Structure formats: structure tokens, C-alpha cells
Amino acid sequence: MAPALLLAGSLLVSGPAVANKVFVSNERGNTVTVVDSATWEQIAEFPAGNRPRGIGISPDGKHLYVCASDDDTIKVFDTDTYEFLWSLPSGPDPELFVISPDGSTLYVSNEDDNLVTVVDTAKKTVVAEVPVGVEPEGMAVSPDVRFVVNTSETTNMAHFIATEDYQIKHNVLVDQRPRYARFTNDGKTLYVSSEIGGTVSVIDMLGEAGPELVKKIGFEVAGVQPEWLQPVGMRITSDNKWLFVALGPANRVAVIDAASNEVVRYILVGQRVWQLEFTPGEQYLLTTNGNSNDITVIDVAEQEAVKSIQVGQQPWGVVVAPD
């Protein structure tokens, strides 16, 4: 795969391009790697605390947030200079978070204490702590900001937390070890990936009694053992047409037609693919591959992998600076 990817990768820089910084958290290396999306070259790497995992950028592009899980904090860095600025209270063992659209609030999953912690980014204070199921991980905020969703790995549920009072209004049972949640951009559908269950649950947000499970999407790849098909990170195109799902140790990204909720293609990427992120404009989709210590660049229109880039040790999360 590598020679073909490198050859195709040369096509990525043959025309004019506008660079966006790609930030990759390296869970075992305790660093963040920075990649230039115009040249696909590594341009920096800096310390990011102990066991950095969840990663995100403020809507204005100025601040990089990193879950330093073993430091029990979220570290904030300047996206231009990579200077450490301050820490935010996160609760114990922060793993994933989601940022409100206006950048004012972080919603953080705390795996060890079965909590979702709500953090005011300006005041640097905890606004609320919401008890949820056992081993919370996945986080999503609805486009209308009415709900924050948390997935609990051991309880096997998606919890729907109202942002007006931070109370759980609905619970939806999904398959074993839910890891990630993602809304369509119109807010009508929520997808929840279940790593051990091997499925993606499709939840209708417009059900009469509240969010309703309507389908489970399964996966099958010739020559790959079923137990290796472990859906984790997900991204959906802004037109709500294509859902991309990282399949962990299967080393594939599944492409799902969101209209039919059927898998149409599997894209071979690096080893133990974990999280995904689009570049601005959704020309490319980036994957973090924890066991091959690289990221894969996928051409979204062609639905093909075109390049791989070495990063730090055991890459986990990825985020791209906005235009």
C-alpha cells in the first residue's frame, strides 16, 4: 500500500493549496504533532501532557484543547506558537470532549468517575457535573444545542442531557461498548458506534416519544475476522450524504450511504484506525492509526486513500485548524 499512497500523494501538492494545520494527539508519545495540509509534511511536535487523547480547536481557531488524561486536566495551547497557555478543570481522566458552537463551553467525559463535566472556557470553571452511566466516553452536541449526548461504555447507552438544566431526558440502549456519537448536520439523526458490538446504531431524533433507535448497521470485510471490525470514530459530510466510520484493528474506514444506511465501500488505511477529521471544505478525510504511528489522507470525492504521514507514538485524536 505504501508505494501507491506515496505516488498518489504527489498529486496532492501539484496544484495551488491553502495550508491548514493538522494537530494529532499522540497517546503514548505524550506529544501533539503538527502537519501542514498543503505539503503533508510534519512541521512541529510539542509536549502535551501525559496521555493526550481528545483534541479540539476553538471556533476562532486560536486555542487548541487537549485532554491530558493522566494529568486529569485539559491543556490549552496557542495554535500559532504552540505555547502552553493554561489548564482547564476537567474532572478525573478526561478522554473526549465536545465544544459548543460558540466556543463558550466544553462538555467532557470523565471515564473514572462516571461523570460529564461542563466547563466554562472563559471563566475556566466547572459549571456542572452530570452523573451518567459507567465508563462515559463519546460526546456530541446537537446542532440546535438542545442536547449533549454521552455514550457510556459499560452501561451500553446513549444519554441525552438537556443543556438548559443538565438533566438526562432520554436514554437509548445501543450495542456493547459505545465509543463515539455523531449528529447529522440537520440534527435529525444521531449515529453511535459500538466497538465490541460491531455496529453503528442509527437514532431518529424526531421520534414522537423522543430519540428512537431505528437501525443497526453491521460490517463485513472478506478476510477480516468479525471481532476485528470495531467501529469507533465517525464523521459525516456536511450534505449528510456520506458517513465515514473508523473500524479499529480492521484497518479500514467504512463508507456508509446515509440515505440507505448501507455500507458501500471499505477503504484500507493504517493499523488500528481510531479517529477521523475532515479538512476544511471536506476535500480530505484524515485518520489516526495508532499501531502504525501515522495518519492516512483519504480523498473524500474518490473515497480512496492517497497518502500516509508518520506522526508521533500511538496517534489517537486529530483536529484541523479552521480557515
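It should be noted that the structure appears before, not after, this text.
Residues numbered from 1 in each chain as written. Predicted model: local features only at pLDDT ≥ 70, side-chain atom pairs only at ≥ 80, totals over all residues. Heavy atoms only, no water.

1. Some points on the overall build of the chain
And then number 1: What the chain contains, in helices and strands, is one helix and 28 strands.
And then number 2: Whereas a compact globule of 323 residues would reach a radius of gyration of roughly 20 Å, the chain reaches 18 Å, a difference of no more than 12%.
And then number 3: Counting across all 323 residues of the chain, residues that qualify as buried make up 59%.
And then number 4: Of the roughly 12900 Å² that the chain leaves accessible, carbon and sulfur atoms contribute 47%.
And then number 5: Side chains of the chain give 22 positive and 43 negative charges; the mean places of these two sets differ by 1 Å. (Helix = DSSP H or I, 4+ residues; strand = E, 2+ residues; numbered from the N terminus. Rg over C-alpha atoms; globule rule 2.2 N^0.38 Å. Buried < 20%, exposed > 50% of the residue type's maximum accessible area, 1.4 Å probe, protein only. Areas by Shrake-Rupley, 256 points an atom, 1.4 Å probe, with all protein chains shown as cover. Lys, Arg positive; Asp, Glu negative; His and termini not counted. Charge placed at Lys NZ, Arg CZ, Asp CG, Glu CD.)

2. Focus on the environment of R179
And then number 1: Relative to the helices and strands, R179 resides in strand 16 (residues 178-183).
And then number 2: Each C-alpha atom, one on R179 and one on R235, is 13 Å from the other, the two residues being 56 residues apart in sequence.

3. As for the sheet that holds strand 24 (residues 273-278)
And then number 1: One open sheet holds the four strands; their spatial order is 24-25-26-27, and the pairing between them is antiparallel. Among the strands making up the open sheet, the edge pair consists of strand 24 and strand 27 (304-310). Ignoring which end each strand starts from, the neighbouring axes of this sheet average 25 degrees apart.
And then number 2: The sheet contact formed by strand 26 (residues 294-299) and strand 27 spans six bridges and is antiparallel. Bridge pairing in strand 27 links T296 to S308. (Pairing = 2+ DSSP bridges. Axes fitted to C-alpha atoms, helices over the stretch in contact; angles between N-to-C directions.)

4. Notes on the packing of aromatic side chains
And then number 1: Tallied over the entire structure, the rule returns eight aromatic pairs.
And then number 2: An angle of 85 degrees between the planes, with centres 6.4 Å apart, marks the rings of Y65 and F97 as edge-to-face. Remark: F97 occurs in strand 8 (residues 94-99) and Y65 occurs in strand 5 (residues 63-68); sequence separation between them is 32 residues. Of the two residues examined, Y65 and F97, each falls in the buried class.
And then number 3: The interplanar angle of 80 degrees and the centroid separation of 6.1 Å between the aromatic rings of F244 and F278 together place this pair among those described as edge-to-face. (Phe/Tyr/Trp six-rings, centres within 6.5 Å; stacked < 30°, edge-to-face > 60°.)

5. Here we look at the nonpolar core
The nonpolar side chains of a soluble globular protein tend to be buried, and buried together.
And then number 1: Grouped together as the largest cluster of nonpolar side chains are 35 residues, with contacts concentrated most on Y191, V200, F219, L243, F244, V245 and V253.
And then number 2: Listed by contribution, the elements that provide at least two residues to this core are strand 18 (199-204), strand 20 (234-236), strand 21 (242-246), strand 22 (252-257) and strand 24.
And then number 3: Residues contacting F244, with those up to four places away along its chain left out, are G233, M234, R235, T237, V253, A254, V255, L276, F278, L285 and V300.
And then number 4: F23, F46, I57 and A321 belong to the second-largest nonpolar core, a separate cluster that totals 14 residues. (Core = buried A, V, L, I, M, F, W, Y, C linked by side-chain atoms within 4.5 Å. Contact = heavy atoms within 4.5 Å.)

6. So, the side chain of S100
And then number 1: Its place among the elements puts S100 in the loop between strand 8 and strand 9 (105-110).
And then number 2: Aside from chain neighbours lying at most four places away, what touches S100 is P59, T105 and Y107.

7. Digging into the sheet that holds strand 6 (residues 73-78)
Strands belonging to one sheet form pairs held by backbone hydrogen bonds; the direction of such a pair is parallel or antiparallel.
And then number 1: One open sheet accounts for four strands, arranged 4-5-6-7; its pairing is antiparallel. Looking at the sheet topology across the chains shown, the edges are occupied by strand 4 (52-57) and strand 7 (84-89). Averaged over all pairs of adjacent strands, the angle between their axes in this sheet comes to 25 degrees, without regard to strand direction.
And then number 2: In this structure, strand 6 lies alongside strand 7, joined through five bridges in antiparallel fashion. Within strand 7, the residue paired with T73 across the bridge is P89.

8. Side note on the pattern of salt bridges
Any two side chains of opposite charge can pair, given that their charged atoms come close.
And then number 1: Evaluation of the coordinates by the stated rule reveals 13 salt bridges.
And then number 2: Between E262 and K215 there is a salt bridge, and its shortest N-O distance comes to 2.9 Å. Placement of E262 in strand 23 (residues 262-268) and of K215 in strand 19 (residues 212-217) is noted, with a sequence separation of 47 residues between them.
And then number 3: Linked through salt bridges whose partners overlap, the residues forming this network are R53, D93, E95, E137, E153, R177, R179 and E195. (Salt bridge = Lys/Arg side-chain N within 4 Å of Asp/Glu carboxyl O.)

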